[in-house]
Each structure stands twice: as structure tokens, then as C-alpha cells.
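Given next are the chains, with one letter for each unit.
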Amino acid sequence: MSWAAVILALVTAQRLGELVLARRNTKRLLARGGREVGAAHYPLIVAMHAAWLLGLWYFAVLRAPAGQEVNLPWLGVFVVLQLARVWVIASLGGRWTTRIVVLPGEPLVRRGPYRFVSHPNYWVVAGEILVLPLAFGLAAFGLVFTVLNAAMMWIRIRAEAAALAPQ
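Residues numbered from 1 in each chain as written. Predicted model: local features only at pLDDT ≥ 70, side-chain atom pairs only at ≥ 80, totals over all residues. Heavy atoms only, no water.

K.L.:
Can you walk me through the packing of helix 1 (residues 3-31) against helix 3 (residues 72-92) in this structure?
P.N.:
Each pair of packed helices gets described by two things: the angle between the helix axes and the distance between those axes. Between helix 1 and helix 3, the shortest axis-to-axis distance is 14 Å and the interhelical angle comes to 15°. Judged by the inter-axis angle, helix 1 sits roughly parallel to helix 3. In this structure, the crossing between helix 1 and helix 3 has a hand that is left-handed. Along the contact surface, helix 1 presents Ile7, Val11, Gln14, Arg15, Glu18 and Leu21, while helix 3 presents Leu75, Phe78, Gln82, Arg85 and Ile89. In terms of residue class, the contact of helix 1 with helix 3 is made up of six nonpolar, two polar and three charged. (Axes fitted to C-alpha atoms, helices over the stretch in contact; angles between N-to-C directions. Helix = DSSP H or I, 4+ residues; strand = E, 2+ residues; numbered from the N terminus. Parallel < 35°, antiparallel > 145°, perpendicular 65-115°, else oblique. Left-handed = near helix turned anticlockwise from the far one by under 90°. Contact = heavy atoms within 4.5 Å. Nonpolar A, V, L, I, M, F, W, Y, C, P; charged D, E, K, R; others polar.)

Here it is as C-alpha cells:
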């Protein structure tokens with residue numbers, strides 16, 4: 001098994017585990033009176049992320065030239081991004097989800113990376129979408145998905161901002 005396959009197996013397991021956590025948190029938030037916003041664009045985000053991951057499996061594992069090595073500096077950047085991802089999820093706790101769920105009357109989270117930057121999770125994801133392909137020597141692939149992600153984030157951040165705006 002190649003290093004790319006090992007890395008992608010870990011990333012795939014991580015993403016699947018996060019989907020389980022997100023689903024659990026979403027159910028709890030909705031049960032507490034939360035309301036979901038932007039549900040119409042959510043399937044597009046899921047499809048884009050699934051295509052990104054499946055594309056990496058295809059190009060970095062199935063179609064990779066024999067003996068192709070992983071770029072360790074880019075992999076190191078990806079590991080740092082994973083630490084940032086854990087920080088984001090831990091900072092949001094039970095409010096972390098892959099959907100936009102607004103809890104009326106609850107203040108915005110202002111701890112962890114949220115003290116320093118708006119939408120840190122989106123920054124981390126943007127980095128991951130570019131950096132992991134670079135670790136596998138797939139610059140064009142990373143660039144294409146970075147552009148797709150930027151378009152999705154434009155839609156998502158606008159929906160989130162509208163949902164959080166004072167009524």
C-alpha cells in the first residue's frame with residue numbers, strides 16, 4: 001500500500017467520523033430550537049467534497065506513477081491544518097456541524113480561533129482543499145477545487161451572514 005493510500009484512508013476515516021459528529025450535533029441543535037438555514041446548497045457542498053476526496057483517490061492512488069513520493073513539506077502543512085481543524089471543532093463543541101444551524105438567543109462563539117478570525121473552519125477547509133493535492137503533486141487538481149470551494153463559500157457565507165444578521 002502506498003503512502004498516498006494510507007494518508008487518504010486516514011483522511012477518509014476522519015471525514016466520515018466528522019459527518020457522524022455533525023449529524024449528532026445537528027439533531028441536538030434542532031431539538032433545542034435551532035433552525036437550519038441554507039439547506040438548499042448543502043448537497044452541492046457535500047458533492048464537491050466527495051468529488052475532491054474521490055478524485056484524490058483516483059489520481060494519487062489509482063493513477064499515480066509507480067514510486068511517486070509524497071511531498072513532505074506540503075504534507076506537514078496539511079498536518080498543521082488538521083490541528084487547526086481540531087481546534088475549531090473543539091472550540092465550537094456541540095455547536096459544530098457541517099450545516100448552518102442558528103440557535104435563537106445564543107451568542108456567537110468567541111473562543112479559540114474565533115477570537116482571531118471570522119469563519120476559521122472555512123479557512124482551514126480552503127487550505128486543505130489546496131494543500132493535500134499539492135502533497136501528491138496534483139497542483140492543477142488542487143487549483144480547480146480551490147476555485148470550486150471559493151464559489152461554494154461565497155454562497156455559504158452569504159447565507160450564514162443573513163441568518164445571523166439582527167432581525
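K.L.:
Can you help me understand unusual backbone geometry in this one?
P.N.:
Phi is mostly negative for residues that are not glycine, and the peptide bonds are mostly trans. The backbone of His119 shows a phi angle near 55°, a positive value even though the residue is not glycine. Residue position: His119 is located in the loop between strand 2 (100-102) and helix 4 (120-135). A relative accessible area of 24% means that His119 is categorised as partly exposed. (Buried < 20%, exposed > 50% of the residue type's maximum accessible area, 1.4 Å probe, protein only.)

K.L.:
For this particular structure, what's the right way to read the layout of surface pockets?
P.N.:
Which parts of space are left empty comes out when a probe the size of a water molecule is rolled across the atoms. Taken as a whole, the largest pocket spans an internal volume of roughly 1,200 Å³. Taken together, 42 residues form the lining of the largest pocket, with Thr97, Arg99, Asn121, Tyr122 and Arg156 sitting closest to its centre. Counting residues per element, the ones that place at least two in the lining of the largest pocket are helix 1, helix 2 (42-62), helix 3, strand 2, helix 4 and helix 5 (139-164). A total of seven residues in the lining of the largest pocket trace back to one element, the largest contributor, which is helix 2. Class assignment of the residues belonging to the lining of the largest pocket gives a composition of 25 nonpolar, eight polar and nine charged. (1 Å grid on protein atoms, 1.4 Å probe; cavity = no way out; pocket = protein on both sides within 12 Å on 5 of 7 lines; lining within 4 Å. Points joined across faces, edges and corners; volume = space filled by probe spheres on them.)

K.L.:
Got a minute to help me understand the side chain of Ser91 in this structure?
P.N.:
By the secondary structure assignment, Ser91 is in helix 3. On the basis of relative accessibility, which here comes to 6%, the residue Ser91 falls in the buried class. From its side chain, Ser91 meets the backbone oxygen of Trp87 in a polar contact 2.7 Å long. Excluding residues within four positions of it along the chain, Ser91 makes contact with Val109, Arg111, Gly112, Pro113 and Tyr114. (Polar contact = N/O pair within 3.5 Å; in protein donor to acceptor, adjacent residues only side chain to side chain.)

K.L.:
Would you explain the nonpolar core in this entry?
P.N.:
Within soluble globular proteins, side chains that are nonpolar tend to cluster in buried spots. Counting residues in hydrophobic clusters, the biggest one holds 26 residues, and the most contacted among them are Ile7, Leu8, Trp52, Leu56, Leu132 and Phe136. If you list the elements that add at least two residues to this core, you get helix 1, helix 2, helix 3, helix 4 and helix 5. Dropping the residues within four chain positions of it, Trp52 is found in contact with Arg15, Glu128, Ile129, Leu132, Pro133, Phe141 and Phe145. If you look at the next biggest cluster of nonpolar residues, it comprises seven residues, including Ala22, Val88, Trp96 and Val109. (Core = buried A, V, L, I, M, F, W, Y, C linked by side-chain atoms within 4.5 Å.)

K.L.:
When you look at the pattern of salt bridges in this model, what are you seeing that I'm missing?
P.N.:
Charged atoms that come close allow side chains of opposite charge to pair. Applying the stated criterion across every chain yields a total of six salt bridges. Residues Glu18 and Arg85 are paired through a salt bridge, measuring 2.8 Å at the closest nitrogen-oxygen approach. A residue pair is termed long-range when its members are at least 10 positions apart, and Glu18 in helix 1 and Arg85 in helix 3 qualify at 67 residues. The pair Glu18 / Arg85 is uniform in exposure class, with both members buried. Across the pair Arg95 and Glu106 runs a salt bridge, and its minimum N-O distance is 3.8 Å. A residue pair is termed long-range when its members are at least 10 positions apart, and Arg95 in the loop between helix 3 and strand 2 and Glu106 in the loop between strand 2 and helix 4 qualify at 11 residues. Owing to a relative accessible area of 27%, Arg95 belongs among the partly exposed residues under this scheme. (Salt bridge = Lys/Arg side-chain N within 4 Å of Asp/Glu carboxyl O.)

K.L.:
For this particular structure, what's the right way to read the environment of Glu18?
P.N.:
Residue Glu18 is classed as buried on the basis of its relative accessible area, which comes to 10%. Apart from the residues lying within four places of it in its own chain, the contact partners of Glu18 are Arg85, Ile89 and Trp96.

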